[in-house]
Amino acid sequence: MNYEQMTQLALRGVVRDAIRRVIREDGLPGAHHFYITFLTRYPGVEIDEGLSKKYPEEITIVLEHQYWDLNAYADEFEVTLKFGGIPKYLKVPYHAISRFHDPSVGFALQFDPPPEMDGSDSKGSETVAQLAPVKPTAANPSTALGAPMTKSLGKAKPAKADKDDDGDKPDNDGEKVVSLDSFRKK
């Protein structure tokens with residue numbers, strides 16, 4: 001059954017849906033902002049050559065106040081952010097994401113490395129499943145598979161979080177991992 005892979009896939013859908021909500025609601029609500037860490041060498045990632053040299057393994061981006069052309073597709077998102085005052089286009093498959101964090105509510109997800117990035121021969125491993133499409137609703141017809149959701153606004157910083165909101169040094173490089181057990185009824 002490979003429940004672990006199904007769980008990882010479902011949780012990547014949470015990231016996709018959070019980005020789509022930002023687009024749908026005309027920006028991030030309240031104090032919400034997203035730290036998104038992704039693998040820069042993952043197949044399908046489009047990143048400026050200078051950024052890929054500076055961040056050869058992974059990079060953390062922040063979606064907060066200044067961002068442009070945010071689009072959410074079924075399997076990837078794209079956004080333009082400023083790095084050193086220069087706008088740079090990024091395209092990120094959801095499978096390239098290694099961590100997602102919304103520090104305003106203390107929510108974080110950490111993902112296992114995709115099979116194609118673990119250094120083993122990927123020919124014998126299972127192929128990565130696609131994210132399930134979001135079915136369009138009467139209130140939101142733009143969420144169909146392949147139909148992008150788009151938004152252009154906000155602020156971004158290409159930096160990792162160094163401290164929690166309370167000023168303490170966080171565990172796991174600024175990320176708090178949410179266990180599935182925390183969602184189960186006791």
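Every value quoted in this text rests on a predicted model; they were computed, and no experiment measured them.

Caption draft 1: Up close: the pattern of salt bridges. The final tally for this structure, using the stated rule, is eight salt bridges. Glutamate 46 serves as the salt-bridge partner of lysine 91, at 3.0 Å between the closest nitrogen and oxygen. Linking lysine 91 in strand S5 (residues 86-93) with glutamate 46 in the loop between strand S1 (34-39) and helix H2 (49-54), this pair joins segments that are 45 residues apart in sequence. A relative accessible area of 36% places glutamate 46 in the partly exposed class. For the salt bridge of lysine 88 with aspartate 48, the shortest nitrogen-to-oxygen distance reads 3.2 Å. Taken together, the residues lysine 88 in strand S5 and aspartate 48 in the loop between S1 and H2 connect sequence positions 40 residues apart. Judged by its relative accessible area of 28%, aspartate 48 is partly exposed.

Caption draft 2: Looking closely at the sheet that holds strand S2 (residues 58-63). Strand order in the open sheet formed by four strands is S2-S1-S6-S7, with antiparallel pairing between adjacent strands. Only two strands of the sheet have a single neighbouring strand rather than two, namely S2 and strand S7 (107-110). Shown here is a sheet whose adjacent strand axes are inclined to one another by a mean of 10 degrees, direction ignored.

Caption draft 3: Structural detail: the packing of aromatic side chains. The final tally for this structure, using the stated rule, is two aromatic pairs. Taking 5.0 Å as the distance between ring centres and 50 degrees as the angle between the ring planes, the aromatic pair formed by phenylalanine 34 and phenylalanine 100 counts as tilted. Pair noted here: phenylalanine 34 is in strand S1 and phenylalanine 100 is in strand S6 (residues 97-102), with a separation of 66 residues, a long-range link. Per residue, the accessibility class of phenylalanine 34 equals that of phenylalanine 100, and both read buried. Directly above the ring of phenylalanine 111 sits arginine 12, whose terminal nitrogen or CZ lies 4.3 Å from the centroid.

Caption draft 4: Local environment of unusual backbone geometry. A positive phi angle, close to 55 degrees, is found at asparagine 2, a residue other than glycine. Note on placement: asparagine 2 falls in the segment before helix H1 (3-24). Here aspartate 69, not a glycine, exhibits a phi torsion of approximately 55 degrees, which is positive. If you trace the backbone, aspartate 69 turns up in strand S3 (residues 68-72).

Cut-offs applied
- Residues numbered from 1 in each chain as written.
- Predicted model: local features only at pLDDT ≥ 70, side-chain atom pairs only at ≥ 80, totals over all residues.
- Heavy atoms only, no water.
- Salt bridge = Lys/Arg side-chain N within 4 Å of Asp/Glu carboxyl O.
- Helix = DSSP H or I, 4+ residues; strand = E, 2+ residues; numbered from the N terminus.
- Buried < 20%, exposed > 50% of the residue type's maximum accessible area, 1.4 Å probe, protein only.
- Pairing = 2+ DSSP bridges.
- Axes fitted to C-alpha atoms, helices over the stretch in contact; angles between N-to-C directions.
- Phe/Tyr/Trp six-rings, centres within 6.5 Å; stacked < 30°, edge-to-face > 60°.
- Lys NZ or Arg CZ within 6 Å of the ring centre and 35° of its normal.

Everything listed here is a matter of coordinates, which is why it stays silent on function.
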